[in-house]
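What follows is the residue order along each chain.
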Amino acid sequence: MSGFLSLLGWSFLPNLVTGWVQTIYYSITIRAGDPKPRPGTPRFAEHHRRIRILVVAAYLLYTIYEAHYDLQRGGSYYADLGVPLNASEREIKSRFRRLAALYHPDKASTSSDANAQDINDYFVRLKLASETLLDPVKRFAYERFGPEIHSWQRCSTIRDYVYRGAGLLVPYYGMAAAVMYGLGLLGYLDWGKYERWMVMVIMFVFEVHTVMRPGHPVLFEKLVNPLLELIPGNGAGQFQQTQHYLPFQAIALARKLSVTIAIGVSQIGPMLAADTSSGQIVVGGAKKGGDEEKLVREGLDRLEMTARGLDADTTRLLEVEMAPFAGDEEMLTSMKGKIKEWLVQNTIRADPMVRDALGRSLQKRRVDAPAGAKGTR
């Protein structure tokens with residue numbers, strides 16, 4: 001649902017917010033009484049182009065922050081127990097005992113029903129987190145595929161979990177490739193289409209590498225997670241401590257960012273080279289003009305070829321009609337004269353412009369002129 005709302009936001013929010021921001025910009029930068037750029041002028045179109053680029057870039061940054069915030073709010077088993085990602089079995093057991101002493105359901109018997117239920121649910125989550133992290137196989141699978149592993153049946157070894165998780169990647173990327181190819185056939189996503197395919201391949205390789213390697217992704221382990229420690233208060237849960245990204249969180253973040261950045265760049269990219277000299281934002285102006293000229297030239301060539309074909313067909317048809325009179329020069333001369341007279345009477349003289357010219361010529365003649373007089377005076 002959140003993905004659909006994000007796509008819907010990308011569909012209409014940039015245009016809507018761009019109009020608002022442009023109105024506010026003119027009200028601040030242009031003094032009262034001074035003329036404002038009107039729609040349809042090059043200056044208005046150029047301002048609209050620049051503001052739209054800034055709006056899309058700001059919305060792109062917001063969606064990146066939103067993706068990070070959702071992952072942090074969702075938490076992890078490590079954050080629930082308050083242990084680091086490299087915690088040993090002894091540290092996990094010790095931490096669970098201390099938390100169980102505080103949040104055991106027996107201690108919630110004197111609380112209200114609502115509080116007791118919340119404490120009981122929290123204790124169940126802590127117990128599930130402890131059992132998962134104490135089992136090396138489940139711990140490996142949880143770090144790479146998330147809490148969904150608890151619903152996977154007949155998985156008892158690392159190989160079982162890896163095969164099950166890798167089997168989910170093929171339908172996901174197959175559907176994504178089909179959708180991208182279909183949109184390309186319909187004329188969408190023309191800008192940067194090869195880069196999108198390259199990003200999809202990189203994402204697929206990244207996911208396969210992440211779920212199959214024994215450690216965590218190097219990029220997140222060496223760069224992203226240390227940067228998270230510099231952000232105060234980004235943790236969630238009981239202890240409000242900094243949460244490092246686990247492999248399954250890194251995959252979820254990379255998926256959302258790849259889609260969001262692809263949509264954002266597809267809107268920013270064409271605007272960078274857009275032409276506003278006509279008062280309208282023309283994407284790929286020079287190329288578009290060249291394509292239109294080429295199409296017109298091709299249309300004229302096709303029209304000329306059609307006219308030549310019709311002329312040849314008419315000539316052959318006339319020759320067929322005149323075939324019975326071949327060799328009779330007198331008859332041919334008579335028919336040519338009659339055809340010429342018919343053309344003059346029914347085609348040339350019937351033309352409105354010719355009739356109008358003849359009428360104006362007759363009006364200039366003298367009404368009382370004797371027969372055979374020349375001139376109009």
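The structure this text deals with has already been given above.
I will try to describe carefully the structure that is included in this document.

Conventions adopted
- Residues numbered from 1 in each chain as written.
- Predicted model: local features only at pLDDT ≥ 70, side-chain atom pairs only at ≥ 80, totals over all residues.
- Heavy atoms only, no water.
- Helix = DSSP H or I, 4+ residues; strand = E, 2+ residues; numbered from the N terminus.
- Buried < 20%, exposed > 50% of the residue type's maximum accessible area, 1.4 Å probe, protein only.
- Contact = heavy atoms within 4.5 Å.
- Areas by Shrake-Rupley, 256 points an atom, 1.4 Å probe, with all protein chains shown as cover.
- Salt bridge = Lys/Arg side-chain N within 4 Å of Asp/Glu carboxyl O.

1. A look at the overall build of the chain
For the chain, the count of helices and strands is 13 helices and zero strands. Along its sequence from the N terminus, the chain presents helices and strands in the succession α-α-α-α-α-α-α-α-α-α-α-α-α. Counting only residues that meet the buried cut, the chain has 28% of its 377 residues in that class. Looking at the chain alone, contacts between residues at least 24 apart form 61% of all its contacts between residues at least 6 apart. Looking at the chain as shown, the accessible area adds up to about 25,700 Å², and 62% of this sits on carbon and sulfur atoms.

2. A look at the pattern of salt bridges
Where side chains of opposite charge bring their charged atoms close, a pairing between them can arise. Inspection of the entire model under this criterion finds eleven salt bridges. Linking Asp80 and Arg125 is a salt bridge whose minimum nitrogen-to-oxygen distance equals 2.4 Å. Of this pair, Asp80 sits in helix 3 (residues 77-81) while Arg125 sits in helix 5 (residues 113-134); the two residues are 45 residues apart in sequence, bridging distant segments of the chain. Since its relative accessible area comes to 32%, Arg125 is described here as partly exposed. Among the salt bridges present, the one from Asp313 reaches Arg316, with a minimum N-O distance of 2.2 Å. Residue Asp313 and its partner Arg316 are both found in helix 11 (residues 285-322); the two are separated by three residues, about one turn of the helix. Given the relative accessible area of 40%, Asp313 is considered partly exposed. Residues participating in the shared-partner salt-bridge network are Glu46, Arg49 and Arg50.

3. Regarding the environment of Gly74
Mapping Gly74 onto the fold places it in helix 2 (residues 42-74). We classify Gly74 as partly exposed; its relative accessible area is 49%. On a C-alpha basis, the gap between Gly74 and Gln249 in space is 9.8 Å, while along the polypeptide they are 175 residues apart.

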